[in-house]
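Structural overview for review
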Amino acid sequence: MEPIVYLNGAYLPKSEAHLSPDDRGFLFADGIYEVARSYGGRFFALDGHLARMERGLTALRIRGVEPSAMADVCRALLVRNGLAEADAIVYLQITRGAAPRTHFFPDPAVPPTVYGMANPMRAKWDAAQGVAVITAPDQRWARCDIKSVSLLPNCLAAETAHAAGVAEALLVRDGVVMEGTHTSFFGVVDGEVRTAPATNYILPSITRGAVLGLCAAHDIPHRETPVYVEELVDADELFLAGTTMEVMPIVSVDGRAVAGGTPGPVARRLLDLFHGLTG
């Protein structure tokens, strides 16, 4: 069956969905996106994703979309693609719309372009085995807190990781590990879970927030504080967190084993607790 997508108020076969070459998402990466996950047809933290979408739209001054209305679109995409009881991923993207090419915003404003699609969730990595990662310079812009479709630096670093046969690239800014190209990053140092503070240089990840909440609820020592690149190999544990990876132990960084090269107890416990939220 051909996938059914959502485009500007209509549900239609993907092959029939067409965008204008003047769309500012195509010309300028002028837009934001969200990726939400369902477990057995039930979305995890969809309200959090839509709240972050609203913050992104406000920051980019894109008007004409009510993020809360996108909840019905997400659920409809599951149903229309036979995923109403499945583990799935829904992708939503909103751009400023199609207009003659100018660096300043269209005046008068044009309707935004709203696109959505759903796919079955297929895990690529096994948390029981953990993953290898590399480090890479963080060359992104200064508003990483906006989930912008402008992802070229992320793509370049992710391609370097892919070519190296590893799962992710950790982005390093001024000696601090900020996050991955599409994941949040955590270290366990001296028994304490640490992650970079929530500033404009990291995305306020939904899963990151869930992990910190689990730490607080279960008396796991934790703190938002820098993890420095020189601390990685000697850390008790390292792990990633994200919509598609959940909680994923890191067992190797730049070819060097972390904590004996096996998933650690804190990451394993947090994954079990996270599954308690999604089950």
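Now for a quick tour of the structure. (Residues numbered from 1 in each chain as written. Predicted model: local features only at pLDDT ≥ 70, side-chain atom pairs only at ≥ 80, totals over all residues. Heavy atoms only, no water.)

1. Quick word on helix α5 (residues 206-217)
- Taking 1.5 Å as the rise per residue, α5 with 12 residues should run 16 Å; its terminal C-alpha atoms sit 16 Å apart, in good agreement.
- Every buried residue of α5 is listed here: I206, T207, R208, A210, V211, L212, L214 and C215.
- For α5, the capping residue at the N-terminal end is S205, with a side-chain oxygen 3.2 Å from the backbone nitrogen of T207.
- Phi for D219, located one or two positions after α5, is positive at around 55°. (Helix = DSSP H or I, 4+ residues; strand = E, 2+ residues; numbered from the N terminus. Expected span 1.5 Å × (residues − 1). Buried < 20%, exposed > 50% of the residue type's maximum accessible area, 1.4 Å probe, protein only. Polar contact = N/O pair within 3.5 Å; in protein donor to acceptor, adjacent residues only side chain to side chain.)

2. Some points on the sheet that holds strand β1 (residues 4-7)
- Spatially, β2-β1-β6-β5-β3-β4 is the arrangement adopted by the six strands of the open sheet, whose pairing is antiparallel. Of all strands in the sheet, those bounded by a partner on one side alone are β2 (10-13) and β4 (42-43).
- Where strand β3 (residues 31-39) lies against strand β5 (residues 88-95), eight bridges are found, and the strand directions are antiparallel. By the bridge assignment for β5, E34 is matched with L92.
- Packed on one face of the sheet, helix α2 (residues 46-60) meets β3, β4 and β5 and runs near 180° to β3. (Pairing = 2+ DSSP bridges. Contact = heavy atoms within 4.5 Å. Axes fitted to C-alpha atoms, helices over the stretch in contact; angles between N-to-C directions.)

3. Topic: helix α4 (residues 152-163)
- The end-to-end C-alpha distance of α4, which contains 12 residues, comes to 16 Å, matching closely the 16 Å that a straight helix rising 1.5 Å per residue would cover.
- Within the span of α4, buried status applies to N154, A157 and A161. Within α4, the buried residues cover an arc of 75° as seen down the axis, which keeps them to one side. With respect to the buried face of α4, the exposed residues turned more than 90 degrees away are L152, L156, H162 and A163.
- Buried positions along α4 lie against β7 (131-137) and β8 (168-173).
- Positive phi shows up at G165, right after α4, with a value of about 75°. (Arc of directions from axis to C-beta.)

4. Topic: the pattern of salt bridges
- For the structure on display, the rule yields 13 salt bridges.
- Ionic pairing is found between R140 and E179, a salt bridge with its closest N-O pair at 2.7 Å. Taken together, the residues R140 in the loop between β7 and α4 and E179 in strand β9 (residues 176-180) connect sequence positions 39 residues apart.
- Accessibility expressed as a relative area gives 5% for E179, which makes it buried.
- Among the ionic pairs, R194 bridges to E231, the shortest N-O distance being 3.8 Å. With R194 in strand β11 (residues 192-195) and E231 in the loop between β12 (222-224) and β13 (237-242), the pair connects residues that are 37 residues apart, well separated along the chain.
- On the basis of relative accessible area, E231 is assigned to the partly exposed category, the value being 22%.
- What emerges from the salt-bridge pattern is a single network uniting D138, R140, R173 and E179. (Salt bridge = Lys/Arg side-chain N within 4 Å of Asp/Glu carboxyl O.)

5. Description of the nonpolar core
- Membership of the largest hydrophobic core comes to 38 residues, with the highest contact counts inside it found for F239, I250 and L270.
- Contributing elements (two or more residues each) for this core: β7, β8, β10 (184-189), α5, β13, β14 (246-253) and α6 (265-278).
- With residues near it in sequence (within four places) discarded, L270 still touches V211, L214, C215, I220, F239 and V247.
- A36, L50, I94 and A118 belong to the second largest nonpolar core, which has 25 residues in total. (Core = buried A, V, L, I, M, F, W, Y, C linked by side-chain atoms within 4.5 Å.)

6. Considerations on the packing of aromatic side chains
- With the rule as written, the count across this model stands at four aromatic pairs.
- Look at F186 and F239: their rings are 4.9 Å apart centre to centre, the planes differ by 5°, and that puts the pair in the stacked class. Placement of the pair is F186 in strand β10 and F239 in strand β13, with a sequence separation of 53 residues. F239 shares its class with F186; the two are buried.
- A cation sits over an aromatic face here: R80 above Y11, 4.1 Å from the ring centre.
- Sitting above the plane of the F105 ring, R96 keeps its charged end 3.5 Å from the centroid. (Phe/Tyr/Trp six-rings, centres within 6.5 Å; stacked < 30°, edge-to-face > 60°. Lys NZ or Arg CZ within 6 Å of the ring centre and 35° of its normal.)

7. Quick notes on the pairing of β14
- With eight of its eight residues buried, β14 lies for the most part within the structure.
- Taken together, the three bridges between β7 and β14 define a ladder with parallel strand orientation. By the bridge assignment, A132 is partnered in β14 with S252.
- Inspection of the sheet shows β13 paired to β14 by five bridges, in the antiparallel sense. Residue F239 lies in a different strand from β14, and its bridge partner there is P249.
- Where β13 folds back onto β14 in an antiparallel hairpin, the turn is made up of three residues.
- Alignment of β14 against strand β15 (residues 256-257), held across two bridges, turns out to be antiparallel. Residue pairing across strands places S252 opposite A257, the latter belonging to β15.
- Where β14 folds back on β15, the antiparallel hairpin that results is connected by two residues, among which D254 adopts a positive phi of roughly 50°.

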